[in-house]
Amino acid sequence: MLEASIRMATLRVGGGAVDPRERTVPVETPVAFVYNGTTYAVMMATPHDLEAIAMGFSLSEGIVSSGVEIQSLEVVSHEQGIELRMWLDEGRARRLAERRRHVAGPTGCGLCGIESLAEAVPALRPITSDARFTADEIFQALTTLAPAQELNRSTHAVHGAGFWSPSGGLVALAEDVGRHNALDKLVGTLAIRGADATIGIVLLTSRVSVEMVQKTAMAGAPVIVAVSAPTDLAIRTADAAGITLVAVARADGFEVFTHPERLGLDHKGRRITVKVSDHAA
């Protein structure tokens, strides 16, 4: 099994002394996404949950619309990195070949295989989930994230992405040196488990850029809660997609940037009445 972290030697300097020590650091390695024999993208990633990131990346980038279109997956380790060799069904393979005619193998971009500016921010299918959440549930979801981040607890150097629902608590968690990778791993894990993303909240330890909103929308989740701030394009994209974007979320409060009605608030921050029948199970 590939290791997610490793112990490395370090020197601690302070108080007039120099002490040899060791620190646990996350492993970072090139991971190539290879479809039908051709490399589509290479990401710097933490080499664990590789089946999940293969599935999540393929779904969130629109390479496949469901996991069944990936006919096989082989993880191949090299001295230089890892290849995730996937074979797609004939229809998907043909569409992907046309999509990547001019762009192949971009690195760590989060917007891979696109050929025009219009493709960078495509129109997203609106989120239609009628799930509703309370402020208390947002705080409750936040409290579950940090204790579950085992890799970050040992390294203090990775991002986390989690999925929380009122009925299931913290359903899934993924960690990686890359925030996009962590979210792709989460999306892949949910797909592999057959979990319903429309009833819960995506939790992020990172800032919210437009790609994070796009990946969440592809998964179908109605709410993003992030500990850091969003970009303007992320806000506009979340608004258009019908996603409730909650950010700068801390133990003492959070900010709601889009669709506050899903939290029972109006746009002036006032509480509004939400019928019990409107709540998701």
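The residue numbering used here restarts from 1 in each chain and proceeds along that chain's sequence as written. Reporting of local features is limited, given that this is a predicted model, to residues whose pLDDT is at least 70; pairs of side-chain atoms are given and counted only at 80 or more, and all residues count toward the totals for whole chains, interfaces and linings. The side-chain quantities take in all heavy atoms of the structure and omit both hydrogens and water.

Caption draft 1: How the structure looks around the overall build of the chain. The helix count covers DSSP runs of H or I at least four residues long, the strand count covers runs of E at least two residues long, and both are numbered beginning at the N terminus. A tally of helices and strands in the chain yields 8 helices and 12 strands. Going through the 281 residues of the chain one by one, you find that 47% of them count as buried. Note on contacts: a residue pair qualifies if any of its non-hydrogen atoms lie within 4.5 Å across the two residues. Summarising the internal contacts of the chain: among those between residues at least 6 apart in sequence, 49% fall at separations of at least 24. Only protein chains enter the accessibility calculation, which uses a 1.4 Å probe; a residue whose area is less than 20% of its type maximum is buried, one above 50% is exposed, and one in between is partly exposed.

Caption draft 2: Geometry of the packing of helix α6 (residues 179-193) against helix α7 (residues 210-219). Packing of α6 against α7 brings their axes to within 10 Å, and their N-to-C directions diverge by 5 degrees. Taken together, the axes of α6 and α7 are roughly parallel relative to one another. Two secondary-structure elements touch here, α6 through Arg179, His180, Leu183, Asp184 and Val187 and α7 through Glu211, Met212, Lys215, Thr216 and Ala219. Convention adopted: a line fitted to C-alpha atoms gives each axis, helices being fitted over their contacting stretch, and angles between N-to-C directions are expressed from 0 to 180 degrees. Note that the term roughly parallel is reserved for angles under 35 degrees, roughly antiparallel for angles over 145, roughly perpendicular for angles of 65 to 115, and oblique for everything else.

Caption draft 3: Just the side chain of Asp184, in detail. With respect to the secondary-structure elements, Asp184 resides in helix α6. Given a relative accessible area of 2%, Asp184 falls into the buried group. Side-chain atoms alone can form a polar contact between residues adjacent in sequence; in general such a contact is a pair of N or O atoms within 3.5 Å, and within protein one must be able to donate a hydrogen while the other accepts it. A distance of 3.1 Å separates the side chain of Asp184 from the side chain of Lys215, its partner in a polar contact. Setting aside residues no more than four positions away along its own chain, Asp184 makes contact with Ala52, Ile53, Gly56, Phe57, Ser60 and Lys215.

Caption draft 4: Local environment of the packing of aromatic side chains. Only rings of Phe, Tyr and Trp enter the pairing, Trp through its six-membered ring, and a pair is recorded when the two centres are within 6.5 Å. The plane angle decides the type: under 30 degrees is stacked, over 60 is edge-to-face, the rest tilted. All told, the structure shown has 4 aromatic pairs when counted by the stated rule. Consider the rings of Phe33 and Phe57, whose centres lie 4.2 Å apart with planes at 25 degrees: the pair is stacked. Here Phe33 is found in strand β3 (residues 29-35), whereas its partner Phe57 is found in helix α1 (residues 50-60), with 24 residues between them in sequence. Summarising the aromatic geometry, the rings of Tyr35 and Tyr40 are spaced 5.9 Å apart at their centres and angled 85 degrees between planes, so their arrangement reads as edge-to-face. Across the pair, Tyr40 and Tyr35 agree in class, each one buried.

Caption draft 5: Representation of the pairing of strand β1 (residues 5-14). Paired strands, as defined in this entry, are two strands with at least two bridges between them according to DSSP. Judged from the 10 bridges that link them, β1 and strand β2 (residues 17-26) form a sheet pairing that is antiparallel. Along β2, the bridge assignment pairs Ile6 with Val25. Count of turn residues in the β1/β2 antiparallel hairpin: 2 residues, of which Gly15 carries a positive phi of about 65 degrees.

Caption draft 6: Structural view of the sheet that holds strand β9 (residues 201-204). Pairing is mixed in the open sheet, where 6 strands are placed in the order β8-β7-β9-β10-β11-β12. Two strands close off the open sheet at either side, each with one partner strand: β8 (169-176) and β12 (253-256). The mean angle between the axes of side-by-side strands here comes to 20 degrees, regardless of whether they run parallel or antiparallel. Summarising the sheet, strand β7 (residues 159-165) and β9 pair through 4 bridges and their orientation is antiparallel. When the bridges of β9 are listed, Phe163 appears paired with Val202.

Caption draft 7: Local environment of the sheet that holds strand β4 (residues 38-45). Pairing is mixed in the open sheet, where 4 strands are placed in the order β4-β3-β6-β5. Across the chains shown, the open sheet's two edge strands, defined by having one partner strand only, are β4 and β5 (70-77). Across this sheet, the average inter-strand angle for adjacent strands is 20 degrees, counted without regard to direction. Examined bridge by bridge, β3 and strand β6 (residues 82-88) share 5 bridges and lie parallel to one another. When the sheet's bridge partners are listed, Val31 is paired in β6 with Ile82.

Caption draft 8: How the structure looks around helix α8 (residues 232-241). The complete set of buried residues in α8 reads Ala234, Thr237, Ala238 and Ala241. Buried residues of α8, viewed axially, fall in a sector of 100 degrees; they line one side. Opposite its buried face, α8 presents the exposed residues Asp232, Arg236 and Ala240, each directed more than 90 degrees away. Along its buried surface, α8 packs onto α7 and β11 (244-250). Among the residues trailing α8, Gly242 stands out with phi positive, at a value near 80 degrees. Working note: the arc is built from the helix axis to C-beta atom directions.

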